[in-house]
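# Observations on chain architecture
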Amino acid sequence: MKSLTIYSRNSTAASISMPLKRLLMKLRCLAFGHKVSNALPAQQIATKGCPCGAPILDEDGRATRVSHTLSCFFFGHDYIKMGERDGHSEYVCEVCGHPLLVDTNRSPYANKHAFHKKVRFLCIVKGHQLHTVVDRNGLTEYACHCGHSFLRPENGRTNFRHPLTCVYKGHYISFIMRREGYDEFRCCNCGHPFYFIAPESDRTLIAFNR
Ligand SMILES: [Zn+2]
Ligand SMILES: [Zn+2]
Ligand SMILES: [Zn+2]
Ligand SMILES: [Zn+2]
């Protein structure tokens, strides 16, 4: 009888803690944005759902508000090669989905398969020095020599600094296209792209086996 009482108490606590956990997650996502990452459990990547219960990363053009990944910002990104295009080598952070786009002929990173790279804080202070990579998806793609890239509606830009709204609120990202096993999203405020592992891609199968 005693063990039955303990079991009953434990199951009641569990049934209370689940909605409470969900509520705390909802409040966290409401305050900072959803935490989206390529290091999430593969099930979450496949179903495109945040643990708070909200759908994320829709492909219908609806924006998902994503929070900043502070560990990447302060300690650096873990990049893995995604492919080559438009004279540039393209990488993606295995944690936060941040891309890196570097000139294949000039960058010391261009021949690497994977590497760790810190954020270039001088670019954050002074702004990124941009060159045009290509026009695509109705936008102009730019890259800085630090590898940071932007998709902007205007052409001919040579400098860009992150707007404060993205610093405070996080990025509002919507779907652009799928390639190389990743879904590409773009922030509607700053033009910053993010790449997240596409559902049903080979990369999702790799994530399932992690
Ligand atoms: Zn959420
Ligand atoms: Zn990162
Ligand atoms: Zn830069
Ligand atoms: Zn943004």
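Owing to the predicted nature of the structure, the values given are computational and were not obtained by experimental measurement. (Residues numbered from 1 in each chain as written. Chains lettered and ligands numbered in written order. Predicted model: local features only at pLDDT ≥ 70, side-chain atom pairs only at ≥ 80, totals over all residues.)

With that settled, consider the sheet that holds strand β1 (residues 64–66). Across the sheet, 4 strands lie side by side as β1-β10-β11-β12; this open sheet has antiparallel pairing. Each end of this open sheet is capped by a strand with a single partner; those strands are β1 and β12 (193–197). The average angle at which neighbouring strand axes cross in this sheet is 45 degrees, direction not considered. In terms of strand pairing, strand β10 (residues 171–179) meets strand β11 (residues 182–187) through 6 bridges, oriented antiparallel. Residue R178 lies in a different strand from β11, and its bridge partner there is D183. (Pairing = 2+ DSSP bridges. Helix = DSSP H or I, 4+ residues; strand = E, 2+ residues; numbered from the N terminus. Axes fitted to C-alpha atoms, helices over the stretch in contact; angles between N-to-C directions.)

This brings us to the nonpolar core. The nonpolar side chains of a soluble globular protein tend to be buried, and buried together. Grouped together as the largest cluster of nonpolar side chains are 31 residues, with contacts concentrated most on V92, Y182, F185 and F196. Broken down by element, this core gets its largest block of residues, 4 residues, from β12. (Core = buried A, V, L, I, M, F, W, Y, C linked by C-beta atoms within 7 Å. Buried ≥ 20, exposed ≤ 12 C-beta atoms within 10 Å, placed from the backbone.)

Phi at N137 is positive, roughly 50 degrees, even though this residue is not glycine. When you line up the elements, N137 lands in the loop between β6 (128–136) and β7 (139–144). Positive phi is not limited to glycine here, since E180 has a value of about 55 degrees.

What follows covers the sheet that holds β7. What the 4 strands build is an open sheet, ordered β8-β7-β6-β9; its pairing is antiparallel. This sheet does not close on itself; its edge strands, each paired only once, are β8 (149–152) and β9 (159–160). Two elements, β6 and β7, share 6 bridges in a ladder whose sense is antiparallel. Pairing of R136 across the sheet is with L139, part of β7.

So, about the environment of D103. As for its placement among the helices and strands, D103 is situated in strand β4 (residues 99–103). It is 7.9 Å that separates the C-alpha atoms of D103 and H145, two residues lying 42 residues apart in sequence. If near-sequence neighbours (up to four positions away) are discounted, D103 is found in contact with G87 and H88. (Contact = placed C-beta atoms within 7 Å.)

With that out of the way, let us pick up the pairing of β10. Sheet analysis places β1 next to β10, joined by 3 bridges and oriented antiparallel. Bridging from a neighbouring strand, V66 pairs with H171 of β10. Hairpin connection of β10 to β11: 2 residues between the antiparallel strands, including E180 at a positive phi of 55 degrees.

The two faces of a sheet get side chains in turn, since along a regular strand they alternate between them. Of all the 6 residues making up β11, 6 are buried; the element is thus mostly covered by neighbouring parts of the structure. Covered by surrounding structure in β11 are Y182, E184 and R186 together with D183, F185 and C187, the residues of both alternating faces. With 5 bridges joining them, β11 and β12 adopt antiparallel strand pairing. If you follow R186 over to β12, its bridge partner there is P193. Joining the antiparallel neighbours β11 and β12 is a turn of 5 residues, in which G191 adopts a positive phi near 85 degrees.

In this section: the environment of L57. Mapped onto the elements of the fold, L57 is located in the loop between α2 (42–47) and β1. Look at L57 and you get buried, because 23 C-beta atoms sit within 10 Å. On a C-alpha basis, the gap between L57 and D183 in space is 8.8 Å, while along the polypeptide they are 126 residues apart. What L57 contacts, discounting residues up to four positions off in sequence, is V36, K48, T64, D183, F185 and F196.

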